[in-house]
Amino acid sequence: EELALALRNTWLHDALAGQHGLMTDTLDQLGSAVVVVARDLSILQANQTARALFRRAGANETFAFTDLPQALGSKVFEALQTGAAPPPTRCKLPGTGDTAFRVVLKPFQRRSAAAPEAVLLLLDDVTQADRAQQTEVEAANLRLVRKMAEQLAHEIGNSLVPISTGQ
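One structure accompanies this document, and this report is about it.

This part is about helix α3 (residues 70-82). For α3, spanning 13 residues, the distance from its first C-alpha to its last is 18 Å, which sits close to the expected 18 Å at 1.5 Å a residue. What α3 keeps buried is the set L72, G73, V76, A79 and L80. In a view along the axis of α3, the buried residues occupy a sector of 125°, so they form one face of it. Residues of α3 that are exposed and point over 90 degrees away from its buried face: Q70, A71, E78 and T82. Looking at the packing, one finds that the buried side of α3 touches β1 (33-38), α2 (48-54), β3 (89-91), β4 (101-108) and β5 (118-125). Just downstream of α3 lies G83, where phi reads positive at about 80°.

To continue, consider the sheet that holds β5. The 5 strands are arranged β2-β1-β5-β4-β3 in an open sheet whose pairing can be described as antiparallel. Either end of the sheet is taken by a strand with one partner, and the two such strands are β2 (43-46) and β3. Strand-to-strand twist in this sheet, taken as the mean axis angle between neighbours without regard to direction, amounts to 25°. By the bridge criterion, 6 bridges tie β1 to β5 in an arrangement that is antiparallel. What sits directly across from V35, in β5, is L121. Its contacts with the sheet put α3 on β1, β3, β4 and β5, and the angle it makes with β5 is roughly 145°.

Here is what the cut-offs are and how they apply
- Residues numbered from 1 in each chain as written.
- Predicted model: local features only at pLDDT ≥ 70, side-chain atom pairs only at ≥ 80, totals over all residues.
- Heavy atoms only, no water.
- Helix = DSSP H or I, 4+ residues; strand = E, 2+ residues; numbered from the N terminus.
- Expected span 1.5 Å × (residues − 1).
- Buried < 20%, exposed > 50% of the residue type's maximum accessible area, 1.4 Å probe, protein only.
- Arc of directions from axis to C-beta.
- Contact = heavy atoms within 4.5 Å.
- Pairing = 2+ DSSP bridges.
- Axes fitted to C-alpha atoms, helices over the stretch in contact; angles between N-to-C directions.

Shown next, in the form of structure tokens:
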């Protein structure tokens, strides 16, 4: 009986380890930075993109809550305390130049718990999308100016017809 229980526990452990490995591999394939922060402010999960984004010069391989910029850390802490998911925001992080990020926080809370057990922090690079949107707005403005110029040329032409006829 004890041997069967030990075999079952070993099998469950292997299954859990396999699922954890699969989840880690999946998160590492994402282009977005993903960090899961526990209630005690320990990092439960951070994919490669997040580690590269928040790595400080001279830091060791461990990734800690203190590696997050203060603005993000305070939002994560607030979400852990309140259990409320703030609306997605945009921010620029130090050391990333003009790169703009969309920040999404999602607390993980059980129904019976008063506070969340962890918070998922997701950072998406939206720089290219912002540039494409700005380019589209500029193109729409240029189309509007062109249409206005065509209408103005037409109106000028209409007013010159009586003068040329009289001449």
